[in-house]
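# A closer look at the structure
Here is what each chain is made of, one letter per residue.
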Amino acid sequence: MNTGPFVRPRRVTAPPVRLVVIPHAGASGVAYHPLGRGLPETWDLLLLDLPGRGRRHTRPALENMADVVALVTDDVAAWADGTPLALFGHSLGGAVAFEVARELERRGLPPVWTGVSGRVAPDRRAAPGRLRPELPDEELMAELAAMGGLPQRIHELPDFQDRFLGVLRSDLRVLADYRPAPARPPLNGPLTVFGGTEDPLAPPYALEGWARLTRGDHRRILCRGGHFHFLGPAFEPFARTLAQEIQRALRASDLAREPVPEAG
């Protein structure tokens, strides 16, 4: 099967679960390649490239959440072949993952689990003054560098730097204009929210609002570190934590499908 907009680090047949990963602002799917080292070998892993980067580098970056969600929902639905689907996203990707999960439910293709990392609940605003799309280049890069999210050696590659900043600004505009309707019904499936203990964009107290946004099981997991708490050596253990959360959801889903014994 043509992987289209997805980076697929390994080819597996009849996987017990398919994990779709939606990257943070400015990033391509390949940035999440290390997740594969902490997931079960039988699992399928799809790392999404949004327009403007990676497999979609020739397409202009989108600047509206509704357009992003419509595109990504179609991307994911193309892989809905009966294999349990799990969604995970960080920061911008977390907001997109949540909205795509809602849309997949509406289409009758509910994910078995959704994971959101580094993103405040939709009814809250991220910390002001950080990563605003209108910041000058050097200020924007300095903010991102302070959080540990700047690509390595980017200053040595001016063309890449300019392209990266353009994509990053488009992604930040998506978040700046993200205003979900407050009266919407909640998600039905399980939702795990991850946060860094020192994250300036999504501090732990700002994650509490996610609990009311699902009728399913809700769990919150705090990881030591800042906004990009999982990067570097922490990537593999973080992947194992993701796997444990997905396995928990799979077990609950299996139990829900078991027939209830008749009384008497």
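Provided above is the structure to which this section pertains.
Here, residues in each chain are numbered from 1, in the same order as that chain's written sequence. Only residues with pLDDT of at least 70 are given local features in this predicted model, and only at 80 or more are side-chain atom pairs given and counted; all residues enter the totals for whole chains, interfaces and linings. Water and hydrogen atoms were dropped before computing side-chain values, which therefore reflect all heavy atoms in the structure.

### Some remarks on the pairing of strand β5 (residues 113-117)
Test applied: Burial classes: relative accessible area under 20% of the type maximum marks a residue as buried, over 50% as exposed, and values in between as partly exposed (1.4 Å probe, protein chains only). The secondary structure listing takes helices from DSSP runs of H or I that are at least 4 residues long and strands from runs of E that are at least 2 residues long, numbered from the N terminus. At least two bridges found by DSSP between two strands are what make those strands a pair. With the strands pointing away from the viewer, any crossover whose connection runs clockwise from the first strand over the helix to the second is right-handed.
Taking burial as the measure, the five residues of β5 include five buried ones, the bulk of the element. Here β5 shows no split at all, with Trp113, Gly115 and Ser117 on one side and Thr114 and Val116 on the other all buried. Looking at chain direction, strand β4 (residues 85-90) and β5 are connected through five bridges and run parallel. Along β5, the bridge assignment pairs Ala86 with Trp113. Each parallel crossover has a hand, and the one from β4 via helix α2 (residues 92-106) to β5 is right-handed. The pairing of β5 with strand β6 (residues 191-196) spans four bridges and is classified as parallel. Residue pairing for β6: Gly115 is matched across the bridge by Thr192.

### Let's talk about the nonpolar core
In summary, soluble globular proteins display a tendency toward joint burial of nonpolar side chains. Here is the rule: We call a set of buried residues a nonpolar core when its members are Ala, Val, Leu, Ile, Met, Phe, Trp, Tyr or Cys and they connect through side-chain atoms within 4.5 Å of each other. For this analysis, residues touch if any pair of their heavy atoms sits within 4.5 Å.
By size, the foremost hydrophobic cluster in this structure holds 76 residues, and its most contacted members are Leu19, Leu35, Met65, Val72, Phe88, Trp113 and Trp210. Once residues within four sequence positions are removed from consideration, Met65 is found in contact with Leu92, Ala95, Val96, Val174, Leu175 and Tyr178.

### Here's the deal with the environment of Val69
By the secondary structure assignment, Val69 is in helix α1 (residues 65-77). Note: C-alpha distance between Val69 and Arg10 (59 residues apart in sequence) is 26 Å. Non-local contacts of Val69, meaning those with residues more than four positions away in its chain, are made with Glu99 and Val100.

### Some words on the packing of aromatic side chains
Note the threshold: Aromatic rings from Phe, Tyr and Trp, taking only the six-membered ring of Trp, are treated as a pair when their centres fall within 6.5 Å; an angle between ring planes under 30 degrees marks them as stacked, one over 60 as edge-to-face, and anything in between as tilted.
Counting across every chain of the model gives eleven aromatic pairs. Plain terms: the ring middles of Phe88 and Phe194 are 6.1 Å apart, the flat faces sit at 80° to each other, and that makes the pair edge-to-face. Of this pair, Phe88 sits in strand β4 while Phe194 is found in strand β6, placing the two residues 106 residues apart along the sequence. When its relative accessible area of 1% is taken as the criterion, Phe88 is described as buried. With a relative accessible area of 0%, Phe194 lands in the buried category. Seen in terms of ring centroids, Phe98 and Trp210 are 5.1 Å apart; in terms of plane orientation they differ by 80°. Their pairing is edge-to-face. Pair noted here: Phe98 is in helix α2 and Trp210 is in the loop between β6 and β7 (218-223), with a separation of 112 residues, a long-range link. Looking at Phe98, the relative accessible area reads 1%, which means it is buried.

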